[in-house]
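As a plain string of letters, each chain reads:
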Amino acid sequence: MGQRSTLGSLLFCLGLYGICTGFQQENCTNYNLQFERVFSVPGDVAMLNSTLVSPYVFNFTSIPYDISWYDSKTGREIREQTGRVLVRGTTLWFLNITLEDDGEYVSIVRTPYWCYRQATKLVVELPVAGECGRPRKARQILTMGVNDILSCPLRDYIGKLDSYNITSSIKWYKDCEPIVDGVGTYTYMDPTTLKIIGVDPKHNSSYTCTLSFTLGGITRSVSETISAWVSDRYTLIPEVHEPANETIKVAIGSNFSKPCRVFVPCVGDPFVDIAWVIRNKFILDTDPSHRIYTTKERLWHQDEPKKGLWLEQVLVISELWEEDLHTNYTCRAYSARGLPVGYFTLLPEDPNYLLLIGSVLGTATVLFITSVIICYLFKVEIVLCIREAFPYLYTNKDLDGKLYDAYVAYPQSCAIGFSEDVETFALQTLPEVLEKACGYKLFIAGRDCLPGEAIVDSVEENIQASRRLLLLYNASTFTSKRHTSSTSSNNNNTITKSSDSSENSKSQKNESFDDSVEVYPDTRQQLELLAGMHKVLLEKSLKVILVEMEEISPAQLALFPESVRHLRKKLGAACWWKSLRTERRWRTCTRRSEDEEKGGQDTQLSPSLSPSSKFWKEIRYRMPVKGKRAMYPEKISLLNS
């Protein structure tokens with residue numbers, strides 16, 4: 001309350017100061033004379049408006065102010081006079097104009113900090129003798145052959161009266177004759193619009209609209225006159241073709257443009273303009289360096305299908321931001337015929353599910369193909385890694401009734417295809433890596449056979465007690481074969497003489513498999529191959545690991561038994577000769593100075609004896625798994641039965 005009393009006192013003092021000293025002596029911001037004049041005739045009503053109470057002048061919503069009106073001729077403040085003058089804030093009403101009222105009137109707005117002044121010109125004219133209507137006339141064009149309208153220039157009066165909640169009415173006159181609504185070619189469309197149906201030359205005339213209302217307790221009126229003439233040139237209401245009140249989905253960060261395209265049905269050059277409006281702000285910037293701008297207005301004429309003029313102005317947003325969404329972008333057309341608009345709204349775009357699904361499927365396909373390639377190229381390494389990391393996933397084979405992890409078969413001395421390198425590999429290299437380094441248990445004929453043991457018993461029992469058959473061979477192992485069945489029978493008889501009746505039955509079983517495997521002069525080699533191939537191919541109770549000791553040419557491979565060729569094609573072979581070739585290259589590249597001092601002999605451990613080399617990884621991959629998962633009792637009893 002204290003602040004309001006102080007402010008009121010200040011405003012009162014300012015007003016009193018203006019009255020006592022005259023408004024001319026106040027040092028106010030002067031907005032000079034308004035460009036628009038107010039024209040009137042004696043006996044009419046005139047309305048003067050001040051434009052000082054505006055956000056462009058001061059913040060009138062938060063700063064208190066007081067407004068006063070002054071007569072510039074006398075310098076005195078204008079007070080209300082019953083039936084003559086009314087002061088309503090920013091509006092000064094003259095209810096009964098006289099010739100003496102002609103002149104300038106000053107409005108002063110005072111705030112606690114400053115004051116502002118503005119002058120408004122009132123022009124009072126006498127009616128022209130012998131003419132109806134006002135001497136000052138507005139000019140409007142009617143288009144020949146169409147339905148057209150006349151607009152009463154008293155819209156500002158009606159708007160002000162509506163703000164006072166005062167009812168008003170309009171009456172139209174042609175020359176001096178009143179126009180009745182709905183009679184002839186005239187219709188009252190709304191309080192300020194007169195519609196003329198089928199315009200022709202007879203409508204060339206003066207039309208007067210008279211506004212009647214009650215203000216200050218008395219009923220008064222104000223009139224405006226329109227000088228209308230008919231022209232074959234015409235301009236109809238503009239048509240906004242684009243934007244079409246639409247919703248557009250866009251991506252944040254993308255570039256966006258939209259044309260404002262308006263068609264004006266006309267003959268001649270119409271007075272029409274277009275503009276983009278965003279959040280009640282006109283976009284007038286045409287500089288492409290700015291994020292939001294418009295192109296220059298472009299126009300072209302059209303004759304078909306109807307005459308008219310196209311206008312176009314493109315709105316450009318170089319980069320869309322989040323704040324640009326959920327906003328109406330309005331294209332407005334400005335003409336005397338109307339103010340049509342078109343708009344669009346930007347929304348965030350929907351996720352591209354097809355692209356998303358395609359990306360997922362594409363990624364999954366690439367991952368699948370990559371995984372397959374990796375598994376194919378590194379299958380051995382992956383499997384060995386899993387075996388070492390998760391031994392409990394695999395069954396412990398120690399309880400399956402087998403004594404050996406592998407039975408090693410190779411051409412022994414005096415046998416066809418015997419080689420010292422093969423024997424050295426079988427008796428030294430294999431035990432060094434598979435038994436000592438990897439923990440496997442091998443049966444090697446040249447090492448583990450008991451003296452005086454029957455060959456048939458030894459081969460049959462030890463292969464039966466083994467989980468794998470390691471078959472070592474070179475190019476000449478299978479190339480010397482017997483060509484007659486009699487030789488095969490003699491060999492079988494020799495085997496039979498060194499065996500008991502049970503051995504005879506075993507030999508007969510092997511003879512039955514002789515059709516698919518050729519017989520060799522070496523008895524043990526022959527039996528190992530026969531028994532092994534029988535269990536591998538027919539019983540399928542044993543898995544074979546082919547170890548190729550030297551490179552085999554196609555001509556040499558053609559002399560191999562069909563069974564060996566079949567297994568080599570199906571299972572492949574671990575090639576020791578490739579490991580030796582790699583070793584030579586490696587040693588050549590890594591030979592050290594101390595190697596040279598020792599006559600070129602390597603001082604390092606050969607990489608071919610390392611369990612992590614490619615050859616031994618492949619052998620370990622084919623060997624039984626050293627699992628730790630316990631076997632079920634029923635399986636153990638079944639294996640031991």
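First, a word on scope: everything that follows refers to the structure included in this document.

Definitions and limits used
Residues numbered from 1 in each chain as written. Predicted model: local features only at pLDDT ≥ 70, side-chain atom pairs only at ≥ 80, totals over all residues. Heavy atoms only, no water. Helix = DSSP H or I, 4+ residues; strand = E, 2+ residues; numbered from the N terminus. Contact = heavy atoms within 4.5 Å. Areas by Shrake-Rupley, 256 points an atom, 1.4 Å probe, with all protein chains shown as cover. Polar contact = N/O pair within 3.5 Å; in protein donor to acceptor, adjacent residues only side chain to side chain. Axes fitted to C-alpha atoms, helices over the stretch in contact; angles between N-to-C directions. Parallel < 35°, antiparallel > 145°, perpendicular 65-115°, else oblique. Nonpolar A, V, L, I, M, F, W, Y, C, P; charged D, E, K, R; others polar. Core = buried A, V, L, I, M, F, W, Y, C linked by side-chain atoms within 4.5 Å. Buried < 20%, exposed > 50% of the residue type's maximum accessible area, 1.4 Å probe, protein only. Arc of directions from axis to C-beta. Pairing = 2+ DSSP bridges.

## Details of the overall build of the chain
Part 1 of the reasoning: If you tally the helices and strands in the chain, you get 16 helices and 32 strands.
Part 2 of the reasoning: Sequence separation of at least 24 residues holds for 69% of the intrachain contacts in the chain that already meet a minimum separation of 6.
Part 3 of the reasoning: Of the roughly 35,500 Å² of accessible surface on the chain, 54% is carried by carbon and sulfur atoms.

## Focus: the side chain of Thr120
Part 1 of the reasoning: Inspection of the secondary structure assignment puts Thr120 in strand 8 (residues 115-124).
Part 2 of the reasoning: A polar contact of 2.8 Å, which involves the side chain of Thr120, links it to the side chain of Gln34.

## Quick look at the packing of helix 3 (residues 353-377) against helix 4 (residues 379-389)
Part 1 of the reasoning: At a closest axis distance of 4 Å, the pairing of helix 3 and helix 4 adopts a crossing angle of 80°. One way to sum up the angle between helix 3 and helix 4 is to call them roughly perpendicular. Contacts between helix 3 and helix 4 involve Ile374, Cys375, Tyr376 and Leu377 from the first element and Lys379, Glu381 and Ile382 from the second.
Part 2 of the reasoning: Taken together, the residues that form the contact of helix 3 with helix 4 break down as five nonpolar, no polar and two charged.

## Topic: the side chain of Ser206
Part 1 of the reasoning: Counting through the fold element by element, Ser206 comes out in strand 15 (residues 205-215).
Part 2 of the reasoning: Ignoring sequence-local partners within four residues, the contact set of Ser206 consists of Lys137, Tyr173, Lys174, Asp175, Thr225 and Ile226.

## Structural notes on the nonpolar core
Part 1 of the reasoning: Ranked by internal contacts, the top residues of the largest apolar core, which has 41 residues, are Trp93 and Trp172.
Part 2 of the reasoning: For this core, the element with the most residues is strand 15, which contributes five residues.
Part 3 of the reasoning: With 27 residues, the next largest nonpolar core counts Tyr407, Ile463, Leu527 and Phe560 among its residues.

## Considering helix 15 (residues 614-622)
Part 1 of the reasoning: Every buried residue of helix 15 is accounted for by Phe615, Trp616, Ile619, Arg620 and Arg622. Down the axis of helix 15, the buried set is contained in an arc of 165°. They therefore lie on one face.

## Notes on the pairing of strand 16 (residues 218-231)
Part 1 of the reasoning: Bridging between strand 9 (residues 137-143) and strand 16 involves seven bridges; their strand directions are parallel. Paired with Thr143 across the strands is Ser231, a residue of strand 16.
Part 2 of the reasoning: Alignment of strand 15 against strand 16, held across 11 bridges, turns out to be antiparallel. Counterpart to Thr214 in the pairing with strand 16 is Thr219.
Part 3 of the reasoning: With antiparallel pairing between neighbouring strands as the criterion, strand 15 and strand 16 make up a hairpin whose turn holds two residues, including Gly216 at a positive phi of roughly 70°.

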